[in-house]
Protein chains: 4
Amino acid sequence: SKYAYVKNYELPDNLLPGTFMIMRIDGHGFHRFSTEHSFAKPNDERALRLMDCAAQSVMDEYKDIVLAFGESDEYSFLFRKDTKLYNRRQTKLLSLILSLFTSSYIFHWPKFFPDESLNYPPSFDARIVLYPSAKEVRDYFAWRQVDTHINNLYNTAFWALVQQGGESTTRAHALLKGTVSAQKHELLFSRFGINYNGIPARFRKGSVLVRDEVKDARESGGHDFVPDAGTRTDLSEGSPLPDSSLAAGATPVAHQGKKKVKAIKTVRILHEDIVRNEFWDARPELLDG
Amino acid sequence: SKYAYVKNYELPDNLLPGTFMIMRIDGHGFHRFSTEHSFAKPNDERALRLMDCAAQSVMDEYKDIVLAFGESDEYSFLFRKDTKLYNRRQTKLLSLILSLFTSSYIFHWPKFFPDESLNYPPSFDARIVLYPSAKEVRDYFAWRQVDTHINNLYNTAFWALVQQGGESTTRAHALLKGTVSAQKHELLFSRFGINYNGIPARFRKGSVLVRDEVKDARESGGHDFVPDAGTRTDLSEGSPLPDSSLAAGATPVAHQGKKKVKAIKTVRILHEDIVRNEFWDARPELLDG
Amino acid sequence: SKYAYVKNYELPDNLLPGTFMIMRIDGHGFHRFSTEHSFAKPNDERALRLMDCAAQSVMDEYKDIVLAFGESDEYSFLFRKDTKLYNRRQTKLLSLILSLFTSSYIFHWPKFFPDESLNYPPSFDARIVLYPSAKEVRDYFAWRQVDTHINNLYNTAFWALVQQGGESTTRAHALLKGTVSAQKHELLFSRFGINYNGIPARFRKGSVLVRDEVKDARESGGHDFVPDAGTRTDLSEGSPLPDSSLAAGATPVAHQGKKKVKAIKTVRILHEDIVRNEFWDARPELLDG
Amino acid sequence: SKYAYVKNYELPDNLLPGTFMIMRIDGHGFHRFSTEHSFAKPNDERALRLMDCAAQSVMDEYKDIVLAFGESDEYSFLFRKDTKLYNRRQTKLLSLILSLFTSSYIFHWPKFFPDESLNYPPSFDARIVLYPSAKEVRDYFAWRQVDTHINNLYNTAFWALVQQGGESTTRAHALLKGTVSAQKHELLFSRFGINYNGIPARFRKGSVLVRDEVKDARESGGHDFVPDAGTRTDLSEGSPLPDSSLAAGATPVAHQGKKKVKAIKTVRILHEDIVRNEFWDARPELLDG
Ligand SMILES: Nc1nc2c(ncn2[C@H]2C[C@H](O)[C@@H](COP(=O)(O)OP(=O)(O)OP(=O)(O)O)O2)c(=O)[nH]1
Ligand SMILES: Nc1nc2c(ncn2[C@H]2C[C@H](O)[C@@H](COP(=O)(O)OP(=O)(O)OP(=O)(O)O)O2)c(=O)[nH]1
Ligand SMILES: Nc1nc2c(ncn2[C@H]2C[C@H](O)[C@@H](COP(=O)(O)OP(=O)(O)OP(=O)(O)O)O2)c(=O)[nH]1
Ligand SMILES: Nc1nc2c(ncn2[C@H]2C[C@H](O)[C@@H](COP(=O)(O)OP(=O)(O)OP(=O)(O)O)O2)c(=O)[nH]1
Ligand SMILES: O=P(O)(O)OP(=O)(O)OP(=O)(O)O
Ligand SMILES: O=P(O)(O)OP(=O)(O)OP(=O)(O)O
Ligand SMILES: O=P(O)(O)OP(=O)(O)OP(=O)(O)O
Ligand SMILES: O=P(O)(O)OP(=O)(O)OP(=O)(O)O
Ligand SMILES: [Mg+2]
Ligand SMILES: [Mg+2]
Ligand SMILES: [Mg+2]
Ligand SMILES: [Mg+2]
Ligand SMILES: [Mg+2]
Ligand SMILES: [Mg+2]
Ligand SMILES: [Mg+2]
Ligand SMILES: [Mg+2]
Ligand SMILES: [Mg+2]
Ligand SMILES: [Mg+2]
Ligand SMILES: [Mg+2]
Ligand SMILES: [Mg+2]
């Protein structure tokens, strides 16, 4: 129609090639949302697993995402450096991935919160940040995981004082003010018998989603493929929480090779250190082109 | 931490002041989604009402949106020209509103599709386009509504030929090829007895959400406030579909006046012409500062 | 060559259509430059005319510039709203116009400063700002001209105190501190016999460049075309300064009509009020599409 | 004034940190400019030296530029990766550097073209392109220098055919069509006795400006500092052209160390290969942070 000229006001927003894109999603007003949905304090395993599940939906759909890291109400996604997805159009990428994450969060809610119905629709903000080199990407993820550690140690001590120690929140804050890391460990242990390093890795380290190659059952002899996700996530810790989505991740989700070489990859969840070199040295493809 | 410098790579993206922002959301791959969820063809009233409901959630939350228009799998939102919301940060606005729209869509699904469970989480893309003046804003909405009309007339004729006329889809396409508007009206009437102007306005005109002032029940004497939304939407046409969300719209949702004058506004849904002047002349505030 | 891929890192930067672009150029470090080239204080007519000349070179070359305003070491250029010049590529427009302005400034220097050789090459910064409507464009030019007035009144009083009144610069500052406009007029008149409104309009109002239609001498009978620029610029005030470039402006510089109607336009310099409506009402084309 | 709000329409345009910026300047319409100023064909040494001189002015002023490369009517400038100059504001950097380059070109014209007066003010366009890593920066400069080689070999052969061989330009084009590099070398040698590698390196390789440390005369004993620029540029080839500006480059232009270690650097011109590793290996600081 004669009105179609308004389409010309849409301007291109392609992101610089050869640059790492990291997209971070963060819950909007989750202070209130966590309260209204009775999230356990300081960490609600159901809520964290639901975030992991939504993140996995995103990685299942967008193969150019090579790594994700989640903690609290946020998730970060790293694209492979040379992705051409949607021609690197910023808004297209941001909107589609954010929307799928949000949608999956609501969609999978009942599995993770069978006894807690959703009172109102939660939302998330998102941003894409460009990082020119591997160093900044490493530092980005270190930034998020160090943040996880700092917040979680503090929150663990704080809620121990309140929930187990019977302190007021005001007094708990006052007691922790100015303490360094070692003092919080000490306090947890001496006063509450809590070995901080004994609490679930998911709480201490956040969640790391990577794509790992799996043996192709059909090629390796036809016997049933048994996912060992259990040994790599803390599911083995005996969690009774549903995890159907992540279990599904153990079945081959993508055939990314051409014909001959079948490099079947599946999304795996880890709760390990991503600040140190080991994690990255073992996965050079993350920071490649 | 020493890694926090990576935050500096987040660059500002504030949008030009004094300019109209229109945000358009569009369903991702809704061709497949509508098929997999048995949407009625060519128009599924449940699906359209769910879109309206999600859009209303957005308007209930973001008061600087003054107008919305929906059709098919898309919705457009107009902000008041001088909005300072999130300091006009493009990505912040885009992400929060898109995420809330998506979330509401899934959240309200069961109300509109009580007999159809969601097979997989749908997603949407989004964009914000700037328009410098009232003229382009008028033309933008005319563009969308004319598109609604063209598509709907075609689809109505097409599916009549297929569903009622027993034509193959190939032949239906061939029959309609090259026909002008009047010929499609004529075909619908002569062959199927369908008066195109008699089909629901929601299908022909799309959905228009505006904020209308309502009398404040508490101030005007305390008698029950009875929404007349029914006469303004095609609910009066006897639809048995749930509409709790839009009904909720009839209760005052916002006190936008300061102290003295209470200008209570509620979101209303219309299905009228927004190409012609009448709609805009009656609502000068839409294109004001 | 195999290296040509680096060209892909050049990203588009087209500016929003239908929006007014104003480009402002400002002398870099002209505090020092004016000192090192013995500019008269507070206003050096040679320097101002040279700026006008450089601006005219720009308007002679870029026909989509409809208006320019200059004062001190700066010049602002307004493009017609719907210009398609270089497809509205920001950097292309900015760089070409800035470079031509700079080049013309140096090129024409000897004409305006016959007795002052250039000690070093001056430079300018530049920016393009978008304005959505006529109102902001009007206000932009009002902003610059009001700035001209405020600065010039202050500077005139300041230098009168120093040069004629024998005050130190410190004391001159102190004397003027906190005075309002009327007090500065009064001081100039009572102490130095200076009627502020009697000083050259170029100093008080800045320079305004517009395109005016001229009668085409060849069409209107062949008699000599006599520019009346003299009555419209303050050249009529008897300035002995060279002005060959602006004189050239009085000869038709462009045939902008097609064939029949010859609307020949020439760039004219004015020193009048552009804050009030008269200027704009007389030239509706400036703020048109 | 009440109009100052228009300043808010100036939006930030800071460039991504940690990324290499390369700014390229290119003569506007230099096909015509070279003709109107009787540039020698295919290479005019005066014109090329003037470009070098303007580029040096830029490097003398902007210390964060670590490398420049020029050929034909263009010059490229590399900033050190972590420059904070003008807070990495794109338009500020682009405009100031372009303006200084332009200004210097006109300012120094008479030194390089003593017998050719400037007919009209030339102008240049400019752009800044971001490159995320050393690889793209290397490839960028390889792109430009390979371009120099390809164009110059062709042009040398072309103009030999025309000027010495008496061929028409049409026929010269036809003769060269489809020839590869070796054939052009052969043609030049067999028909005109020209050893291509014997023509000036400036023409074959373009001009490379780097900052080299020089011994600080005052520290190293006080004897006169003798620049050896002559042996490193092809000035030693006996050029009679003025070169005062580049000679000036041999005097220490900047004290960039803090107190103890005086690392005095001066801009040097080279005409060597920058495609291969040697150049870069010898100057690791170019691609550092
Ligand atoms: N109880 C509980 N709260 C959590 C958990 N995970 C996140 N939250 C809450 C704690 C924080 O108040 C909030 C996350 O902090 P944010 O800085 O993202 O703040 P919030 O989302 O409220 O505001 P925002 O919209 O992001 O600016 O979410 C959890 O596992 N348990
Ligand atoms: N049956 C049915 N289909 C609908 C209805 N509303 C929308 N759709 C379908 C028809 C179209 O295939 C699709 C909307 O067209 P689009 O151009 O947005 O395509 P689609 O969403 O498939 O792709 P996209 O991801 O937007 O590029 O949604 C409806 O009420 N009933
Ligand atoms: N004496 C004299 N000085 C003038 C004249 N026109 C401009 N100037 C000087 C006065 C100011 O110091 C300077 C213009 O002020 P700016 O704010 O543009 O400062 P400047 O160019 O020094 O710094 P900048 O690089 O623009 O940030 O130019 C003139 O006609 N006579
Ligand atoms: N005779 C001669 N011409 C030269 C020399 N250096 C550059 N030129 C001319 C040859 C080309 O026509 C022109 C450079 O090519 P460009 O692609 O930059 O074209 P031009 O500047 O005409 O157009 P543009 O405004 O950059 O799109 O400058 C020289 O040393 N001698
Ligand atoms: O989605 P289409 O095909 O209607 O066209 P578009 O929306 O302009 O394309 P895109 O979604 O890729 O911006
Ligand atoms: O959300 P915060 O407070 O952690 O800080 P931020 O995310 O940088 O702020 P914003 O969400 O406004 O970008
Ligand atoms: O100028 P060209 O033709 O070499 O090509 P370009 O520089 O990429 O084009 P533009 O100057 O229009 O950006
Ligand atoms: O140059 P100033 O100080 O008048 O102020 P500005 O021009 O807004 O600052 P900048 O030149 O740094 O954009
Ligand atoms: Mg935030
Ligand atoms: Mg949050
Ligand atoms: Mg958070
Ligand atoms: Mg689309
Ligand atoms: Mg769609
Ligand atoms: Mg659609
Ligand atoms: Mg400035
Ligand atoms: Mg200045
Ligand atoms: Mg100034
Ligand atoms: Mg070019
Ligand atoms: Mg050129
Ligand atoms: Mg060129």
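Please read all numbers here as calculations on a predicted model, not as lab measurements. Note on numbering: residues in each chain are counted from 1, in written sequence order. Labels are handed out in written order, letters beginning with A for the chains and numbers beginning with 1 for the ligands. Local features in this predicted model are restricted to residues whose pLDDT is 70 or higher, and side-chain atom pairs enter the listing and the counts only when it is 80 or higher, whereas totals over whole chains, interfaces and linings include all residues. With hydrogens and water excluded, all non-hydrogen atoms of the structure serve as input to the side-chain values.

Attention now moves to the environment of Lys177(D). All names here are of chain D. Locating Lys-177 in the fold gives a position in the loop between helix 5 (169-176) and helix 6 (181-192). By relative accessible area, which is 71% here, Lys-177 ends up exposed. In the structure, Lys-177 is positioned 23 residues away from Tyr-154 in sequence and 9.8 Å away in space, judged by C-alpha atoms. Each helix is a run of H or I in the DSSP string that is no shorter than four residues. Each strand is a run of E no shorter than two, and both are numbered from the N terminus. For every residue, the accessible area obtained with a 1.4 Å probe (protein chains only) is divided by the maximum for its type, and the residue is called buried under 20%, exposed over 50%, and partly exposed between those limits.

Residues and elements named next belong to chain D. Around ligand 4 sit 15 residues, and of these Asp-26, Gly-29, Phe-30, Asp-44 and Asp-73 come closest. A 3.5 Å cut-off defines polar contacts: any pair of N or O atoms within that distance qualifies, except that in protein one atom must be a possible hydrogen donor and the other a possible acceptor, and neighbouring residues in sequence count only when both atoms are side-chain atoms. Contacts to ligand 4 include Gly-27, whose backbone N or O atom sits 3.0 Å from an oxygen atom. Here a nitrogen atom of ligand 4 and a backbone polar atom of Pro-42 are 3.3 Å apart. Areas reported here follow the Shrake-Rupley algorithm with a probe of radius 1.4 Å; residue values treat only the protein chains shown as occluding. Look at ligand 4: alone it shows 630 Å² of surface, and the protein chains cover 66% of it. In terms of residue count, helix 1 (residues 30-36) provides more of the shell around ligand 4 than any other element does, 3 residues in total. Under the scheme applied here, ten amino acids are nonpolar (Ala, Val, Leu, Ile, Met, Phe, Trp, Tyr, Cys and Pro), four are charged (Asp, Glu, Lys and Arg), and all others, including Gly, are polar. The residue inventory of the shell around ligand 4, partitioned by class, reads 4 nonpolar, 7 polar and 4 charged. Any residue with a non-hydrogen atom lying within 4 Å of a molecule or strand is treated as near it.

Let us look at the relation of the copies chain A and chain C. These two copies of the chain differ by a rotation about an axis and a displacement along the same axis. Only residues with pLDDT of at least 70 in both copies count here: their C-alpha atoms drive the least-squares fit that superposes the copies. Rotating chain A by 180° and moving it 0.0 Å along the rotation axis overlays it on chain C with an RMSD of 0.0 Å. Look at the turn and shift together and you get a two-fold axis relating the two. By C-alpha distance to the rotation axis, the residue of chain A lying nearest is Pro12(A), at 3.5 Å. A symmetric contact is evident, with 100% of the interface residues of chain A recurring at the interface of chain C. Whether two residues are in contact is decided by their heavy atoms: any pair within 4.5 Å suffices.

All names here are of chain C. One can find Glu-71 in strand 2 (residues 65-71). What makes Glu-71 buried here is its relative accessible area of 7%. Within the local environment of Glu-71, its side chain forms a polar contact with the side chain of Arg-144, the two groups lying 3.2 Å apart. Within polar-contact distance, the side chain of Glu-71 engages the side chain of Thr-148 at 3.1 Å. Apart from residues no more than four positions distant in its own chain, Glu-71 is found in contact with Arg-144, Asp-147 and Thr-148.

A few words on the coordination of the magnesium ion (ligand 14). All names here are of chain B. Each metal's donors are the N, O and S atoms found within 2.8 Å of it, except that Na, K and Ca use a 3.2 Å limit; water is left out, so coordination can look incomplete. Bound to the magnesium ion (ligand 14) on the protein side are Asp-26 (OD) and Asp-73 (OD), at distances that span 2.1 to 2.2 Å. A distance of 3.4 Å spans the gap from the magnesium ion (ligand 14) to the magnesium ion (ligand 13), which Asp-26 bridges by coordinating each metal. Of this pair, Asp-26 sits in strand 1 (residues 20-27) while Asp-73 sits in the loop between strand 2 (65-71) and strand 3 (74-79); the two residues are 47 residues apart in sequence, bridging distant segments of the chain. Of the residues examined, Asp-73 reaches a relative accessible area of 14% and is grouped as buried.

Bringing the interface of chain A and chain C into the picture now. Where interface size is given, it is often the accessible area lost as the parts come together that is meant. Across the boundary between the two partners, chain A contributes 9 residues, which contact 9 residues of chain C. A quick way to say it: buried area is the sum, across both parts, of accessible area lost when two parts are put together, with a 1.4 Å probe. For the pairing of chain A and chain C, the buried interface totals around 730 Å² over both sides, and the portion due to carbon and sulfur atoms is 76%. Summed over the three residues of chain A that lose the most area to chain C, namely Tyr9(A), Leu11(A) and Pro17(A), the buried surface amounts to 58% of that side. Of the residues in the side of chain A that touches chain C, the class split is 6 nonpolar, 3 polar and no charged.

Here the focus is the relation of the copies chain B and chain A. Overlaying chain B on chain A yields an RMSD of 0.0 Å, the required transformation being a rotation through 180° with an accompanying axial translation of 0.0 Å. The overlap is high: 100% of the interface residues of chain B also sit at the interface in chain A, so the same surface is used on both sides.

By the element assignment, Glu186(D) lies in helix 6. Considered as a pair, Glu186(D) and Tyr196(D) are 10 residues apart in the sequence and their alpha carbons are 9.2 Å apart.

Before going further, it helps to examine the site of ligand 5. Around ligand 5, the surrounding shell consists of Lys7(A), Arg89(A), Lys92(A), Asp125(B) and Arg127(B). With respect to ligand 5, the chains having nearby residues are chains A and B. Note that an oxygen atom of ligand 5 is positioned 2.2 Å from one of the side-chain N or O atoms of Lys7(A). Between Lys92(A) and ligand 5, the recorded distance is 2.5 Å, taken from a side-chain N or O atom to an oxygen atom. Here ligand 5 loses 44% of its free accessible area of 340 Å² to cover by the protein chains. In terms of residue class, the shell around ligand 5 is made up of no nonpolar, no polar and 5 charged.

Between chain B and chain A, the contact holds 48 residues from the first and 48 residues from the second. Of the roughly 4,000 Å² buried at the junction of chain B and chain A (both faces included), carbon and sulfur atoms supply 63%. For the chain B face of the interface with chain A, the top three residues by lost area are Tyr3(B), Phe107(B) and Trp143(B), together amounting to 15%. By salt bridge we mean one thing: a side-chain nitrogen of Lys or Arg within 4 Å of a carboxyl oxygen of Asp or Glu. Our enumeration of links across chain B and chain A arrives at 6 salt bridges. Of the charged contacts in the structure, one is a salt bridge between Asp125(B) and Lys92(A), with a shortest N-O distance of 2.6 Å.

Right, let's get into the confidence of the model for chain A. Residue and element names in this part refer to chain A. Residue-level confidence of the predictor is what pLDDT reports, using numbers from 0 through 100. Scored by pLDDT, chain A has a mean of 88; 83% of the residues are at 70 or more. The spread of mean pLDDT over the elements of chain A runs between helix 8 (residues 229-232), the lowest at 34, and strand 1 (residues 20-27), the highest at 99. Here residues 217-259 scores under 50 on pLDDT; set against residues more than four positions off or in separate chains, the count is 70 contacts.

Time to look at the packing of aromatic side chains. Two aromatic rings, drawn from Phe, Tyr or Trp (for Trp, its six-membered ring), form a pair once their centres lie within 6.5 Å of each other, and the interplanar angle then sorts them: stacked below 30 degrees, edge-to-face above 60, tilted otherwise. In the structure shown here, the tally under the stated rule is 96 aromatic pairs over all chains. Geometrically, the ring pair formed by Phe39(A) and Phe113(A) is stacked, given 5.5 Å between the ring centres and 15° between the ring planes. One end of the pair, Phe39(A), is in the loop between helix 1 (30-36) and helix 2 (45-61); the other, Phe113(A), is in the loop between helix 3 (90-112) and strand 4 (124-131), and 74 residues separate them in sequence. By relative accessible area, Phe39(A) is classed as buried at 14%. On the basis of relative accessible area, Phe113(A) is assigned to the buried category, the value being 1%. Counting every residue linked through ring pairs, the aromatic cluster contains Phe30(A), Phe33(A), Phe39(A), Tyr75(A), Phe77(A), Phe101(A), Tyr105(A), Trp109(A), Phe113(A), Tyr120(A) and Phe124(A). The positively charged end of Arg32(C) is found above the aromatic ring belonging to Tyr120(C), 4.3 Å away from the centroid. We count a charge as sitting over a ring when the NZ of a lysine or the CZ of an arginine lies within 6 Å of the ring centre and within 35 degrees of the ring normal.

The relative placement of two packed helices is expressed as an angle between their axes plus a distance between the axes. The contact between helix 3 (residues 90-112) of chain C and helix 3 (residues 90-112) of chain D brings their axes to 9 Å, and the two run at 35°. Seen along the crossing, helix 3 of chain C lies across helix 3 of chain D with a hand that is right-handed. Contacts between helix 3 of chain C and helix 3 of chain D involve Thr91(C), Leu94(C), Ser95(C), Leu98(C), Ser99(C), Thr102(C), Ser103(C), Ile106(C) and Phe107(C) from the first element and Thr91(D), Leu94(D), Ser95(D), Leu98(D), Ser99(D), Thr102(D), Ser103(D), Ile106(D) and Phe107(D) from the second. Classifying every residue of the contact of helix 3 of chain C with helix 3 of chain D by side-chain character gives 8 nonpolar, 10 polar and no charged. Axis lines are fitted through C-alpha atoms, for helices just across the contact stretch, and the angle between N-to-C directions can take any value from 0 to 180 degrees. When the near helix sits turned anticlockwise from the far one by under a right angle, the crossing is termed left-handed; a clockwise turn instead gives a right-handed crossing.

Evaluated as defined, the whole model comprises 75 salt bridges over all chains. The closest approach of N and O atoms between Arg49(D) and Glu45(D), which form a salt bridge, is 2.8 Å. Here Arg49(D) and its partner Glu45(D) are both found in helix 2 (residues 45-61), 4 residues apart, which amounts to about one turn of the helix. One connected set of salt bridges, linked through shared partners, spans Lys7(A), Glu10(A), Lys92(A), Arg24(B), Asp125(B) and Arg127(B).

Here the focus is the environment of Glu10(C). If you trace the backbone, Glu10(C) turns up in the segment before strand 1 (20-27). Engagement of the side chain of Glu10(C) in a polar contact is seen with the side chain of Arg24(D), the distance being 2.9 Å. Side-chain polar atoms of Glu10(C) contact the side chain of Arg127(D), separated by 3.0 Å.

This brings us to the packing of helix 2 of chain A against helix 3 of chain A. Residue and element names in this part refer to chain A. One way to put it is that helix 2 packs onto helix 3 with a least axis distance of 8 Å and a crossing angle of 135°. Taken as axis vectors, helix 2 and helix 3 run oblique relative to one another. The two elements helix 2 and helix 3 cross, and the hand of that crossing is right-handed. Contact residues: helix 2 offers Arg-46, Arg-49, Leu-50, Met-51, Cys-53, Ala-54, Ala-55, Ser-57, Val-58 and Glu-61, while helix 3 offers Ile-97, Leu-100, Phe-101, Ser-104, Tyr-105, His-108, Trp-109 and Phe-112. Each residue belonging to the contact of helix 2 with helix 3 can be placed in one class, and the counts come to 12 nonpolar, 3 polar and 3 charged. Roughly parallel means an angle under 35 degrees; roughly antiparallel means over 145; roughly perpendicular covers 65 to 115; every other angle is labelled oblique.

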